[in-house]
Amino acid sequence: MKAVHLNLLKDSERLSSSPIRLRVLAPIASVLALLGTVAWWGFLYTRIMVKEGQVSALDREIASKKAAYDAVTAKQGEISAIEAQVEQIEYYLAGRRTWGETLTALAEKIPPTVQLTKLEIPEPPPQKMVPPPGFKGVMWGPTEPDEKMAFVLSGRATGDKAVFSMMDSLETGIFTNSLIIAKNVSDEKDRSPKVTARPDAKSNMVSFEIEYRAKERSFSK
């Protein structure tokens, strides 16, 4: 005997075969996700507003202190300029040459047969104050580290022998601290001392001039 299946439901009474739970939870989950997104964006907006307020406060504080900052910056520029001057003065002090002991010793070495008519330490060549390429500051001193100096003796003597005897006495002792002795050099301009002598017809003596290269002034600490 065959089984008989009767379908007593009307078409209007048919329901979806999807589970009831999914149909109910899906809209709820969507609403919750939307609310979560809105809450997150609200939180971010609040944070942005807070940070913008902090930035504005900092901008106002910076603006209020700009005058003081400009004053401090100007003072720093003045300090840098003064430090540059002090540094250059220190260079000059380090390069200072004293002649007191040399001149005192010279007075003891001049023989009676020699009469000095002139003693000169010529003024050095003008210092070069041209700023080096790319330099934008203020030049407070020379760009060359050394300054050449000379020591010149002029006078009369009874003869060449008296002049050379005096020169020999200036090649030892304290004189070597100030004078450069360089007789055997190939370049004449570097020779020291340079001697010029000629007969003096009026006095039957020899007029002479002796030029020594002196120790250079060195502009360094």
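Above: the structure in question.
Residues numbered from 1 in each chain as written. Predicted model: local features only at pLDDT ≥ 70, side-chain atom pairs only at ≥ 80, totals over all residues. Heavy atoms only, no water.

## Description of the overall build of the protein
A tally of helices and strands in the protein yields four helices and five strands. For the protein, the N- to C-terminal ordering of α and β elements is α-α-α-β-β-α-β-β-β. Burial analysis of the protein (221 residues in total) assigns 19% to the buried set. Across the protein, every contact between residues at least 6 apart in sequence was considered, and the portion connecting residues at least 24 apart equals 71%. (Helix = DSSP H or I, 4+ residues; strand = E, 2+ residues; numbered from the N terminus. Buried < 20%, exposed > 50% of the residue type's maximum accessible area, 1.4 Å probe, protein only. Contact = heavy atoms within 4.5 Å.)

## Focus on the layout of surface pockets
In this model, the largest pocket occupies a volume close to 300 Å³. Lining the largest pocket are 16 residues, with Lys148, Met149, Lys189, Glu211 and Arg213 positioned closest to its centre. When residues of the lining of the largest pocket are traced back to their parent elements, those giving at least two are β2 (146-157) and β5 (205-218). Here the element with the most residues in the lining of the largest pocket is β5; it accounts for four residues. (1 Å grid on protein atoms, 1.4 Å probe; cavity = no way out; pocket = protein on both sides within 12 Å on 5 of 7 lines; lining within 4 Å. Points joined across faces, edges and corners; volume = space filled by probe spheres on them.)

## Remarks on the pairing of β2
Side chains on a regular strand alternate between the two faces of the sheet. For β2, a buried count of nine out of twelve residues is recorded, marking the element as mostly surrounded by other parts of the structure. Direction of pairing for strand β1 (residues 114-120) relative to β2: antiparallel, over a ladder of six bridges. Along β2, the bridge assignment pairs glutamate 120 with valine 152. Bridging between β2 and β5 involves eleven bridges; their strand directions are antiparallel. Across the sheet, the residue bridging to phenylalanine 151 is tyrosine 212, located in β5. (Pairing = 2+ DSSP bridges.)

## A word on the nonpolar core
Among the nonpolar cores identified, the biggest contains 19 residues, and Phe151, Leu153, Phe208, Ile210 and Tyr212 are the most heavily contacted of them. Breaking this core down by element, the ones donating at least two residues are α3 (100-109), β2, α4 (160-169) and β5. Apart from the residues lying within four places of it in its own chain, the contact partners of phenylalanine 151 are Trp99, Leu103, Leu106, Leu119, Glu120, Ile121, Pro122, Leu179, Ile210, Glu211 and Tyr212. (Core = buried A, V, L, I, M, F, W, Y, C linked by side-chain atoms within 4.5 Å.)

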